[in-house]
Amino acid sequence: EDKIFMKNHDPENGSKEKAESGLDELMSMAKVNKYSMFTRMTKYSKATGETLYRVQPAPDPLDVEGTTWMSSKQLKERALEPSRNWIDAGSGNHRIFLEIIGCDGLPDMDTLSLSKRDQTDSFVSIVYEDTAVVTDVISDTLSPRWMPWHQRAFVLRVLDPKSVIFVGVFDRDEITSDDFIGRIALRPAKFIANTEYLLHYNLYDSSTTDDPTTPADDRKVHGKLILRLRYERCDGAGALWSTITPPRTTYVNTCASKNLELMKKTCMGKDVPPDRYDSSIFFGYITEITGDGKIALNYCEVALLNIFLWRGSVVVPIPQFKRTTDQETRYVELWAPINSIIIICLG
C-alpha cells in the first residue's frame with residue numbers, strides 16, 4: 001500500500017488523484033459516535049437492579065436489541081470474546097494477532113467541557129514497521145471496552161522479528177490534534193510463538209521522567225491498557241537468523257499532518273522538555289564524567305607505581321624471637337609488596 005501511496009503522491013506538481021495511506025483510510029473508517037448532551041447514556045434495570053450503559057460506538061449489528069444496553073460486568077465479559085472483524089496490515093510472512101480489549105483508569109481529557117458527562121473520547125493507535133492502524137472511538141468514558149464487532153483486531157505482518165510494536169492511547173478531537181494520554185512498547189520476540197497472551201500494561205506518556213536524575217519507574221501512570229496478543233511464527237530458523245542481521249528501515253506514510261503527529265506520539269511519547277538537552281546540562285555531564293575519569297586514572301597511577309616499585313601493600317605481622325619478661329609474643333608489622341609478588345608470579 002505504501003508503494004501505491006508514493007506512486008499517486010507528487011509533492012511538487014500535485015497528485016493526479018488523492019493518495020490515501022492505510023492509516024488515513026482507517027481513520028476515516030473508524031466509528032465515532034459522539035452523542036448529544038440530551039441523549040440518554042445510562043439507565044436503571046429494574047429486573048437486575050444494575051445500571052446499564054449504552055454500548056459505544058454501536059451495538060452488535062447481529063443483535064442490536066440485546067447489545068444496545070449492557071451492565072459494566074457484561075461489557076467486560078463480552079470484550080473478552082474472540083474478535084469477528086480482523087484488519088490485515090503490513091508486509092511479511094509471519095503474523096501477529098493483536099486485539100485491543102479495553103482501558104481502565106484513564107484521565108479525563110475533557111475537563112474544560114461545559115457538560116459534566118463529557119469525558120475522554122478514547123481510541124488506540126498502533127504503529128508497527130511499515131503500517132499504522134487505529135481502533136474505533138469510545139466516547140465519554142474513562143474505562144472503555146472495545147467489543148468483538150468493533151474495529152479493534154489487527155493482523156500485523158512481520159518483516160523483522162526484532163521490530164517493536166508501539167501502542168498509544170489518545171483522546172479524539174475533531175478540530176485540533178488528538179490529545180495524547182499514554183503509550184507502551186511491545187517486543188513480540190519476547191513472547192512464546194503460537195501462544196495467546198492477555199496482557200495488562202501501565203500507560204506512560206514518556207519513556208523517561210522530566211527530571212533526568214529521577215528513575216523511570218517513578219513515572220506517572222496514565223491508566224492501564226488491556227490487550228490480547230498471539231505471535232504466529234512457523235520458521236524458527238529464520239527468526240534465529242534475524243537476530244544477527246541488521247534491522248530493516250521501514251516507512252509509514254500519511255497525507256494528514258494530524259495523523260503524522262498521532263504516529264510520532266505513538267512511537268516517541270510526549271515532547272521532550274527543551275532543557276533536557278540544554279548545552280549547560282550537557283557540558284555539566286561531560287565535566288562530571290571527566291572528573292570521575294581523572295580520579296580513576298589517579299588511583300591506577302598509584303597502583304602501578306606501588307607494583308613496579310615494590311611498595312608494601314599488605315601488613316604482615318612478624319613475631320619477635322627475643323623473649324620478654326611478661327612471656328608474651330610480640331609482633332613487628334611489615335608492609336609486604338604482595339601485589340608485586342603476585343604480578344611477578346603470574347608473569
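Because the structure is predicted, anything quoted here is derived from the model rather than measured.

Quick notes on the rules
- Residues numbered from 1 in each chain as written.
- Predicted model: local features only at pLDDT ≥ 70, side-chain atom pairs only at ≥ 80, totals over all residues.
- Heavy atoms only, no water.
- Helix = DSSP H or I, 4+ residues; strand = E, 2+ residues; numbered from the N terminus.
- Buried < 20%, exposed > 50% of the residue type's maximum accessible area, 1.4 Å probe, protein only.
- Contact = heavy atoms within 4.5 Å.
- Areas by Shrake-Rupley, 256 points an atom, 1.4 Å probe, with all protein chains shown as cover.
- pLDDT = per-residue confidence, 0-100.
- Patch = residues over 30% accessible without salt bridge, like charges linked within 9 Å, V, L, I, M, F, W, Y side chains within 5 Å.
- Salt bridge = Lys/Arg side-chain N within 4 Å of Asp/Glu carboxyl O.
- 1 Å grid on protein atoms, 1.4 Å probe; cavity = no way out; pocket = protein on both sides within 12 Å on 5 of 7 lines; lining within 4 Å.
- Points joined across faces, edges and corners; volume = space filled by probe spheres on them.
- Pairing = 2+ DSSP bridges.
- Axes fitted to C-alpha atoms, helices over the stretch in contact; angles between N-to-C directions.
- Expected span 1.5 Å × (residues − 1).
- Arc of directions from axis to C-beta.

**Structural notes on the overall build of the protein chain**
Scanning the protein chain from terminus to terminus reveals eight helices and 14 strands. For the protein chain, the proportion of its 347 residues judged to be buried stands at 37%. Of the contacts made within the protein chain by residues no fewer than 6 positions apart, 65% connect residues no fewer than 24 positions apart. Split by element, the accessible area of the protein chain, about 21300 Å² in all, is 57% carbon and sulfur.

**So, the confidence of the model for the protein chain**
Considering every residue of the protein chain, the mean pLDDT works out to 81; 80% of them sit at 70 or more. Per-element confidence in the protein chain is highest for strand β11 (residues 196-202), whose mean pLDDT is 96, and lowest for helix α1 (residues 2-8), whose mean pLDDT is 51. Within the model, pLDDT remains below 50 along residues 11-20, and this stretch shows 13 contacts once partners closer than five positions in the same chain are excluded.

**Thoughts on a nonpolar patch on the surface**
Taken together, the side chains of Val314, Val316, Ile318, Val332 and Leu334 make up a nonpolar region of the molecular surface, amounting to roughly 350 Å² of accessible area. Elements with a minimum of two residues in the nonpolar patch: β13 (314-319) and β14 (331-336). Within the element layout of this structure, isoleucine 318 appears in strand β13. Judged by its relative accessible area of 36%, isoleucine 318 falls in the partly exposed class.

**Things to note about the layout of surface pockets**
Each pocket or cavity is described by its volume, and for the largest pocket that value is around 460 Å³. As for the largest pocket, its lining consists of 22 residues, of which Tyr53, Leu75, Asp140, Thr141 and Ser143 are closest to the centre. If you list the elements that add at least two residues to the lining of the largest pocket, you get β2 (50-54) and α4 (72-79). The element contributing the most residues to the lining of the largest pocket is α4, with three residues.

**Quick look at the sheet that holds strand β1 (residues 42-45)**
Backbone-to-backbone hydrogen bonds join strands into a sheet, with any given pair of strands oriented parallel or antiparallel. Spatial ordering of the open sheet is given by β1-β2-β3, a layout of three strands whose pairing is antiparallel. Each edge of the sheet is formed by a strand with only one pairing partner; in this case those strands are β1 and β3 (69-71). With strand direction ignored, the average angle separating the axes of adjacent strands in the sheet is 40 degrees. The pairing of β1 with β2 spans four bridges and is classified as antiparallel. Across the sheet, residue serine 45 finds its bridge partner in β2, namely glutamate 50. Relative to the sheet, α4 contacts β2 and β3, its axis offset from that of β3 by approximately 95 degrees.

**Describing helix α6 (residues 257-268)**
With 12 residues, α6 ought to run about 16 Å at 1.5 Å a step, and its terminal C-alpha atoms sit 16 Å apart, in line with that. For α6, every residue scored as buried is listed here: Asn259, Leu262, Met263, Lys265 and Thr266. Buried residues of α6, seen end-on, are gathered within an arc of 165 degrees and therefore sit on one face of the element. Along α6, the residues that are exposed and aim more than 90 degrees away from the buried face are Ser257 and Met268. Just downstream of α6, glycine 269 is the residue with a positive phi angle, here 85 degrees.

**Thoughts on unusual backbone geometry**
Omega for the bond connecting glutamine 56 with proline 57 falls within 30 degrees of zero, at 0 degrees, which places this linkage in the cis form. Despite not being glycine, aspartate 140 has its phi angle at roughly 55 degrees, a positive value. By the secondary structure assignment, aspartate 140 is in the loop between β7 (131-134) and β8 (153-158). With a relative accessible area of 14%, aspartate 140 lands in the buried category. You will see that asparagine 194, though not glycine, has its phi angle at about 60 degrees, which is positive. Among the structural elements, asparagine 194 can be located in the loop between β10 (179-186) and β11. Under the relative-accessibility criterion, asparagine 194 is labelled partly exposed at 46%.

**A few points about the environment of leucine 106**
Topologically, leucine 106 is positioned in the loop between β5 (94-104) and β6 (122-128). Since its relative accessible area comes to 4%, leucine 106 is described here as buried.

**As for the sheet that holds β10**
Spatial ordering of the open sheet is given by β7-β6-β9-β10, a layout of four strands whose pairing is antiparallel. One side of each edge strand has no neighbouring strand; the edge strands of this open sheet are β7 and β10. For this sheet, the mean inter-axis angle between neighbouring strands, taken without regard to orientation, is 20 degrees. Looking at chain direction, β6 and strand β9 (residues 165-171) are connected through six bridges and run antiparallel. In the sheet register, valine 127 faces β9, and the bridge partner there is phenylalanine 166. Strand contacts of α6: β6, β7, β9 and β10, with the helix running at about 120 degrees to β9, the strand carrying the most contacts.

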